Structures are given as C-alpha cells and as structure tokens.
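# Structural features, examined
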Amino acid sequence: IKMILDNPGLKSINDAVRKPGSVWKTKIITVGKKQYSLDEIENGILRPLGDPRIHFAIVCASVSCPNMRSEPYSAEKLDAQLDDQAKKMLSNHKKGMMVLPGKKRIVLSKIFKWFAKDFGGKKGVLDFIESKMRGLPPGWKKFDLRYLDYNWNLNDL
C-alpha cells in the first residue's frame with residue numbers, strides 16, 4: 001500500500017515492480033531488527049508453512065487478488081479467517097472460480113495454476129475446492145479446467 005501511495009498515478013502494481021527497488025524485492029518490513037521484502041515473507045516464510053490458504057490472505061492490491069480483510073489476522077482466529085478468505089475467493093466468480101455446468105468447464109484464478117504445487121497438484125486443487133465449496137454439480141472434477149486472465153490493475157479498495 002505504501003509503495004502505491006508513494007507513486008501516485010500507478011495503474012498496476014506491476015508498474016511499481018519495474019521501478020528501482022521493486023515492491024516485491026525491497027526490504028520494507030522490519031520484524032525485530034531484521035528487514036524483509038514481500039517476496040521473502042511470501043516465499044521464504046509463509047509458503048514453507050505448507051498451508052495453501054495463505055494465497056487467499058496475501059493481497060497485492062490488484063483487481064484479481066483476493067480481497068483484503070476488514071480485520072487483522074490474529075492467532076486465535078487464524079484458522080477460521082483463512083478458511084473464510086478461501087471460501088470468499090472461491091465464491092467470487094469474477095476472480096476466484098466460475099463453474100459452467102452447461103459447458104462442463106471450471107474457470108479458476110491463476111493463483112491455482114501458479115501455486116498448484118502448494119495445493120498438491122491438480123488433484124490437490126480439486127480436493128481443496130471440494131473441501132471449501134458446497135453445491136458443486138455432479139461430475140465437476142472431470143470438467144475442463146481453465147484459468148481466468150489475471151488483472152494486475154490496481155483495485156479500488
């Protein structure tokens with residue numbers, strides 16, 4: 001958010017990435033006496049924890065990113081908060097998941113493609129979806145799987 005505020009007129013988070021000291025690689029967060037970049041936090045700390053729901057808590061301010069929560073994450077509520085984020089993302093047909101039973105097609109966020117390994121591959125992605133969503137049509141796991149275009153433009157939240 002600070003990078004966006006410090007660079008008025010940005011249309012996309014990727015525009016900030018091309019500037020010297022990109023938003024992903026710049027050490028901008030201090031914990032204790034150590035500084036971290038967003039990339040280090042995501043790929044060096046959060047992803048190794050082995051919980052793919054983290055991908056719905058990480059927000060990059062783009063249109064296709066999961067929505068930011070209106071409350072901070074807390075240790076006491078983290079499991080419920082991560083489940084809620086995953087369900088909200090999957091329920092959003094514009095950026096999470098669209099089921100087209102007539103075409104026998106499922107269209108998912110590219111997050112599922114980019115981080116399929118974190119979910120346990122394609123089968124793991126489908127099992128994850130099944131664990132979070134109700135009312136999926138019969139045989140949906142055999143539907144053609146496609147991915148939504150990812151819109152990196154800044155959201156208006």
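Described in the following lines is the structure provided in the data block.

Rules behind the numbers
Residue numbering note: each chain is counted from 1, following its sequence as written. It should be noted that, the model being predicted, local features are given only for residues of pLDDT at least 70 and side-chain atom pairs only at 80 or more, the latter also being counted only at that level, while totals for whole chains, interfaces and linings use all residues. Each side-chain value is worked out from all heavy atoms of the structure, with water and hydrogens disregarded. Among buried residues, the Ala, Val, Leu, Ile, Met, Phe, Trp, Tyr and Cys ones that are joined through side-chain atoms within 4.5 Å form a nonpolar core. Throughout this description, buried means an accessible area under 20% of the type-specific maximum (1.4 Å probe, protein chains only), exposed means over 50%, and partly exposed covers the range between. A helix here means a DSSP run of H or I that spans at least four residues, while a strand means a run of E at least two residues long, and both kinds are numbered starting from the N terminus. When checking whether two residues touch, look at their non-hydrogen atoms; a contact exists if any pair is within 4.5 Å. For two strands to pair, DSSP has to find at least two bridges joining them.

In this structure, Phe56, Leu108, Phe112 and Ile129 are the most contacted members of the largest nonpolar core, which totals 23 residues. Breaking this core down by element, the ones donating at least two residues are helix H4 (78–91), strand S4 (105–108), helix H5 (111–114), helix H6 (116–119) and helix H7 (121–132). Considering each element in turn, this core owes the most residues, four residues, to H7. Those residues in contact with Leu108 that lie beyond four places of it in its chain are Gly96, Met97, Val125, Ile129, Leu145, Arg146, Tyr147 and Leu148. With six residues, the next largest nonpolar core counts Leu10, Ile13, Ala16 and Ala61 among its residues.

Right, let's talk about the pairing of strand S2 (residues 34–37) for a bit. Of the strand pairs in this sheet, strand S1 (residues 27–31) and S2 are connected by four bridges, and their pairing is antiparallel. Bridging across to S2, Ile29 finds its partner in Tyr36. Once S1 ends, the chain turns through two residues before running back antiparallel as S2, passing Gly32 with a positive phi of about 65 degrees.

With that settled, consider the pairing of S4. It is a general feature of regular strands that their side chains alternate between the two faces of the sheet. Residues Arg105 and Val107 point to one face of S4 and Ile106 and Leu108 to the other, with burial holding for every one of them. Here four bridges tie strand S3 (residues 97–100) to S4, and the two strands are oriented antiparallel to one another. Pairing of Val99 across the sheet is with Ile106, part of S4. The loop that links S3 with its antiparallel partner S4 comprises four residues; one of these, Lys104, has a positive phi angle of about 50 degrees. Here four bridges tie S4 to strand S5 (residues 144–147), and the two strands are oriented parallel to one another. The residue of S5 that forms the bridge with Arg105 is Asp144.

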